[in-house]
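Working through the structure, step by step
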Amino acid sequence: MCLKQAWLVLLVAAVLTLPAVAGEPGPDTNVLIIFNVGSVEDGKEVVLKTYEMVVNANGQPVEMSTGARVPIPTTSFKVSNDGTTVAAPVTSYTYQQIGFSATINAKFNENGSIRLRGRVDDSSLTGTPAANGRPFIQSMQQNISVTLINGKPLRINRVDENDTRSFFIQIRAEILDEAGERVAAN
């Protein structure tokens, strides 16, 4: 190989490896995704729950799920063949998953911003039973396609329950270094 070709090969290798040496984020970089689920009551924000998950910036989806299966009673009555007498009520239960789940994938844009795609679901019991005695379940579901700047939060969902109370989901992404520590935002 002549000196010119060797020099060209070294130059190309240096250009391709420079971002990795300089700590530039790439497809092997981990990103901490932080979800804050909260409420606004009389104008004051209150974070009720915080969830964190680590995703790799290679664009592959990562799933997270937490919560509980809640029994929901269903009561029916058996009626006699002549239709005049009603037998004792029969109660059965169906179960519904209540909690938080997210399926997210992340990639870096050329400008260093973080592109997130996926779905976020949050549900909870309100404490107020419905008219039929069953639990009243509040839920927020959001398909997301957002671009975030390292460390800057973005509200992705808000549900107004009445004039003085609303619920929200806010998301923030933070780049992690090789040791798993947060990289300072610019």
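A few points on the structure.

What counts, and where the lines are drawn
Residues numbered from 1 in each chain as written. Predicted model: local features only at pLDDT ≥ 70, side-chain atom pairs only at ≥ 80, totals over all residues. Heavy atoms only, no water. Core = buried A, V, L, I, M, F, W, Y, C linked by side-chain atoms within 4.5 Å. Buried < 20%, exposed > 50% of the residue type's maximum accessible area, 1.4 Å probe, protein only. Helix = DSSP H or I, 4+ residues; strand = E, 2+ residues; numbered from the N terminus. Contact = heavy atoms within 4.5 Å. Phe/Tyr/Trp six-rings, centres within 6.5 Å; stacked < 30°, edge-to-face > 60°. Lys NZ or Arg CZ within 6 Å of the ring centre and 35° of its normal. Pairing = 2+ DSSP bridges. Axes fitted to C-alpha atoms, helices over the stretch in contact; angles between N-to-C directions.

Before going further, it helps to examine the nonpolar core. With 27 residues, the main nonpolar core has I33, F35, L116 and V120 as its most contacted residues. Broken down by secondary-structure element, the contributors of at least two residues to this core are strand 1 (30–41), strand 2 (44–56), strand 4 (86–108), strand 5 (114–125), strand 6 (137–148) and strand 8 (165–175). Ignoring sequence-local partners within four residues, the contact set of I33 consists of Y51, E52, M53, V55, L116, I171, R172 and A173.

Summed over the entire model, instances satisfying the criterion amount to 2 aromatic pairs. Between the aromatic rings of F35 and F100, the centroid separation amounts to 5.1 Å while the plane-to-plane angle is 55°, which identifies the pairing as tilted. Of this pair, F35 sits in strand 1 while F100 sits in strand 4, and the two are 65 residues apart along the sequence. Given the relative accessible area of 0%, F35 is considered buried. The interplanar angle of 5° and the centroid separation of 4.1 Å between the aromatic rings of Y51 and F100 together place this pair among those described as stacked. You can see Y51 sitting in strand 2 and its partner F100 sitting in strand 4, a full 49 residues away along the chain. F100 carries the same exposure label as Y51, and that label is buried. Linked through ring pairs, F35, Y51 and F100 together constitute an aromatic cluster. Over the face of the ring belonging to F168 we find R155, whose NZ or CZ atom lies 3.8 Å from the ring centre.

Tracing the chain through its elements places I33 in strand 1. On the basis of relative accessible area, I33 is assigned to the buried category, the value being 0%.

A word on the sheet that holds strand 2. Each strand in a sheet pairs with its neighbour through backbone hydrogen bonds, running either in the same direction (parallel) or in the opposite one (antiparallel). In space, the 4 strands of this open sheet follow the order 2-1-8-7, with antiparallel pairing throughout. Two strands close off the open sheet at either side, each with one partner strand: strand 2 and strand 7 (154–160). In this sheet, adjacent strand axes meet at a mean angle of 15° when their direction is disregarded. Here 12 bridges tie strand 1 to strand 2, and the two strands are oriented antiparallel to one another. Paired with N30 across the bridge in strand 2 is N56.

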